[in-house]
Amino acid sequence: MILERIPPRICSLFMLKAALRQAHSSSVRPQPVPPLLQTLQRYLTALEPLLPPEELEHTRGIVQKFGCPGGLGENLQRELIKRAEHSHNWISDWWVQWAYLECRQPLAVHSNPAISLPKRDFTDWRGQLVFASKLIAGLLDFKAQVDSGRLGVEYMRGQPLCMELFPQLFSSCRIPGPKHDHVIHYGRPRRGPAHITVVRNYQFFQLDVYNSDGTPLTESQIHAQLLRIRSQSWKTDKQPMGILTSEHRHTWGQAYTRLLRDKINKESVRLIEKSIFTLCLDSPVMRISDEKYSSRMAAQILHGGGTFSNSGNRWFDKTLQFVVGEDGSWGLLYEHATAEGPPIATLLDHVLDYCKKPDRMRAPLIPLPMPKKLYFYINSEIKWDLEMAKQNLDILINDLDIKCFNFQRFGKDLVKQLKLSPNSFIQVAIQLAYYRVHSEVCAACDIASLRMFRGGRTDYIRSPTNQMLSFIRAFDDDAVSIRIYVDCIMSGIDRHLLGLKLQAIEEGLSVPRIFMDTAYGLATHWKLRTGQVPANTDSVMCFGPLVPDGYAVCYNPQQDHVHFSITAFNCCEETNAEKLALTLERSLHDLQELFQPTV
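Residues numbered from 1 in each chain as written. Predicted model: local features only at pLDDT ≥ 70, side-chain atom pairs only at ≥ 80, totals over all residues. Heavy atoms only, no water.

For the protein chain, the name recorded in an unreviewed UniProt entry is Carnitine O-acetyltransferase-like, with Sinocyclocheilus anshuiensis as its organism. Per UniProt, the comment on the protein chain under Sequence similarities (unreviewed entry) is "Belongs to the carnitine/choline acetyltransferase family." (UniProt positions renumbered as here; feature names shortened; annotations may be inferred.)

Below, the structure written as structure tokens:
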């Protein structure tokens, strides 16, 4: 038995931490399967503002047949309940597989979220490396808390939240496949990988971050190693291997197979995949106006700026990539199959607090091994793969329109003074802005965390309701006097509907008619994807729209201001991120006037 070879004191600590983890897991309740008729009724209610009466009546008949006693819906519901009784979480594995691993769009822009953080006070490579050393030390400190079980359990409204995602953030990577991807976790509490990946000028390096006695490197040790990496990477590599990971997943999967045929390539790729996380040391980008700076920096974190900028400094499959630019910009890009916003926010809060502390650790007088440069053998096939990937990434980047802005008239404190939910208030403003631009409401989803359940991930909260539509239509009509009821956002229904659909497919049945109905296609064509990213700092998150004719709107409410990012695709003539941003600012002003009319 393995435990017999561990010293008694260490063994006791190991078993105690395992017991504590198990006790916490059992304190987080399992995710229940919602009642079938409740979900079907909420689904119909969600369709009311989107469909004309005759189409709604047609869909109502389909839904009623699906949910009738003894019908198909009831049978699928029964199987879902059985699944819930015998699985860790009845929907999360299905959701990750369906929403992420089977999606074949590029991870860049379409999937990986980016978080751009407040600019640091350095403007050259010297300050860049000093800060990067501090950042790495802070991340290792956070990882030590996770590995040792010292990370405090998080709570929401007095209920413990599931903490199972935290250990999976480190030493994990998404692996491309021909039909679907998979995620590999190399991290183990006692003997996981001991290195990170550092990439500069498109060149990848293995940097061991622990001493021989298992203690993490000090900031000064890390800084000395980063200086060594800089001295080995003066010139930009001619072949930006990381850009291969930005390709369509099927294309990248084929290139991945070709790449790994060579032993040197396989070793280099495996070291990147196994690394605790990746640090991207970006070169400076073109200086632009202060007004456009936040948008440019968010774009840099999200995709690297293109093949003539820093996109070759990315490995988009990696779960955690921290970006530090020479101009003081920095942020995080993460792969969504493993990571979610709330755990990432906790990690960033820890790192930011750590960065405020002085380095009191003295570096031991031990010579450190030279960081290992990772080499790639590039034949004609791989070179062709790279050229195609560069072209496709530049097309994607040029198609993405990003607008970040800081709304400074008020923040969440004012909304709370009005006895309203800041999140709901902003959601109404977004819906109002969309309606003013497009003269219609659309299928819109806000992301809600399900961490109050064991293994829970997310669900969609559907924003447009009949109450919302009535308010929006009446707002610009001077003849109508209305008092808004903001907290009308509905409970999530989409994971339950997805579970019913996937249960039918698993049983080898035809896809039920309710999911083949045009109304279901309309209801899940998310033209407006929104996400609140509450953080303790002035950060802004951004990601691409879910559909070609849609928007993605992220917001971070602070006490007296709100950070926004809006993305759209230039290829769609109907959408315009700049126009929606200006209209959103006006809508927020108008909502304030509604509650605090000026004399």
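A. Inspection of the nonpolar core at higher detail. Ranked by size, the top nonpolar core spans 76 residues in total, and within it Tyr43, Tyr551, Phe564, Ile566 and Leu584 carry the most contacts. Within the second largest apolar cluster, 51 residues are counted, among which are Ile136, Leu139, Leu352 and Leu368. (Core = buried A, V, L, I, M, F, W, Y, C linked by side-chain atoms within 4.5 Å. Buried < 20%, exposed > 50% of the residue type's maximum accessible area, 1.4 Å probe, protein only.)

B. The packing of aromatic side chains, seen in detail. Scanning the model with the defined rule gives 21 aromatic pairs in all. A ring pair is formed by phenylalanine 204 and tryptophan 315, whose centres lie 5.7 Å apart and whose planes are at 85°; its orientation type is edge-to-face. On the criterion of sequence distance, the pair formed by phenylalanine 204 in strand β7 (residues 203-208) and tryptophan 315 in the loop between α10 (290-303) and β9 (320-325) is long-range, its members being 111 residues apart. Here phenylalanine 204 and tryptophan 315 have matching classes, each one buried. Measuring from ring centre to ring centre gives 6.0 Å for tyrosine 434 and tyrosine 551, while their planes differ by 90°; the resulting arrangement is edge-to-face. Of this pair, tyrosine 434 sits in helix α14 (residues 422-438) while tyrosine 551 sits in strand β17 (residues 551-557), and the two are 117 residues apart along the sequence. We classify tyrosine 551 as buried; its relative accessible area is 0%. An aromatic cluster is present here, built from Trp95, Trp98, Tyr100, Tyr460 and Trp526 joined pairwise through their rings. In this structure, arginine 495 packs its charged tip against the face of tryptophan 95, placed 3.5 Å from the ring centre. Over the ring of tyrosine 460 we find arginine 495; its NZ or CZ atom is 4.4 Å from the centre of that ring. (Phe/Tyr/Trp six-rings, centres within 6.5 Å; stacked < 30°, edge-to-face > 60°. Helix = DSSP H or I, 4+ residues; strand = E, 2+ residues; numbered from the N terminus. Lys NZ or Arg CZ within 6 Å of the ring centre and 35° of its normal.)

C. Structural view of the UniProt feature "active site" (unreviewed entry) in the protein chain. The UniProt record annotates "active site" (unreviewed entry) at His336. With respect to the helices, strands and loops of the structure, histidine 336 is situated in the loop between β10 (330-334) and α11 (341-355). For histidine 336, a relative accessible area of 8% corresponds to the buried category. Excluding anything up to four places from it in sequence, histidine 336 contacts Tyr100, Ser111, Asn112, Pro113, Arg457 and Arg529. Only 3.0 Å separates the side chain of histidine 336 from the backbone oxygen of alanine 339, close enough to count as a polar contact. (Contact = heavy atoms within 4.5 Å. Polar contact = N/O pair within 3.5 Å; in protein donor to acceptor, adjacent residues only side chain to side chain.)

D. Here's a closer look at the domain arrangement of the protein chain. According to the domain assignment, the protein chain contains domain 1 (121-400) and domain 2 (408-491 + 527-595). Summing both sides of the interface, domain 1 and domain 2 together bury roughly 1,800 Å²; the carbon and sulfur share of this comes to 54%. When the buried area of domain 1 at its contact with domain 2 is split by residue, Cys162, Asp399 and Leu400 rank highest and sum to 29% of it. Between the two partners, domain 1 and domain 2, sit three salt bridges. Glutamate 340 is the salt-bridge partner of arginine 457, the closest N and O atoms lying 2.7 Å from each other. Summed over the shared surface of domain 1 and domain 2, the result is ten residue pairs in polar contact (both at pLDDT 80 or more). A total of five residues in the side of domain 1 that touches domain 2 trace back to one element, the largest contributor, which is α11. (Domains from an automatic or database assignment. Buried area = accessible area lost by both parts, 1.4 Å probe. Salt bridge = Lys/Arg side-chain N within 4 Å of Asp/Glu carboxyl O.)

E. Local environment of the pairing of strand β12 (residues 400-407). Most of β12 sits out of view: six of its eight residues are buried. Both β12 and strand β18 (residues 562-569) contribute to a ladder of eight bridges, which runs antiparallel. Within β18, the position partnered with lysine 403 by the bridge is isoleucine 566. (Pairing = 2+ DSSP bridges.)

F. Spatial organisation of the sheet that holds β18. Strand order across the open sheet formed by six strands is β12-β18-β17-β15-β13-β14, with mixed pairing between neighbours. Pairing within the sheet leaves two strands with one partner each, and these edge strands are β12 and β14 (458-462). In this sheet, adjacent strand axes meet at a mean angle of 20° when their direction is disregarded. The sheet contacts of helix α19 (residues 577-595) involve β12, β17 and β18, and relative to β12 the element is tilted by about 25°. (Axes fitted to C-alpha atoms, helices over the stretch in contact; angles between N-to-C directions.)

G. Fine view of the packing of helix α4 (residues 72-85) against helix α16 (residues 494-506). For the pair α4 and α16, interaxial distance at closest approach is 9 Å and the crossing angle is 95°. Considering the angle they form, α4 stands roughly perpendicular to α16. Here Gly73, Leu76, Gln77, Glu79, Leu80 and Arg83 of α4 lie close against α16, whose contacting residues are His496, Gly499, Leu500, Gln503, Ala504 and Glu506. Class assignment for the residues of the contact of α4 with α16 results in four nonpolar, five polar and three charged. (Parallel < 35°, antiparallel > 145°, perpendicular 65-115°, else oblique. Nonpolar A, V, L, I, M, F, W, Y, C, P; charged D, E, K, R; others polar.)

H. Layout of the sheet that holds β9. Overall, mixed pairing links the eight strands, which are arranged β11-β7-β6-β8-β9-β10-β1-β16 in an open sheet. Where the open sheet ends on each side, the last strands, each with one partner, are β11 (372-373) and β16 (540-542). Judged from the five bridges that link them, strand β8 (residues 278-282) and β9 form a sheet pairing that is parallel. Looking at the pairing, aspartate 282 lines up with glycine 325 of β9. Contacting β6 (195-200), β7 and β11, helix α9 (residues 263-274) crosses the sheet at an angle of about 110° to β6.

I. Expanded view of the pairing of β9. Of all six residues in β9, six are buried; the element is thus mostly enclosed. Where burial is concerned, the two faces of β9 agree: the one with Leu320, Phe322 and Val324 and the one with Gln321, Val323 and Gly325 are both buried. Handedness of the crossover joining β8 and β9 through α10: right-handed. Of the pairings in the sheet, the one linking β9 to β10 comprises five bridges and is antiparallel in character. The partner of valine 323 across the bridge, within β10, is glycine 331. Once β9 ends, the chain turns through four residues before running back antiparallel as β10, passing glycine 328 with a positive phi of about 95°. (Right-handed = clockwise from strand over helix to strand, strands pointing away.)

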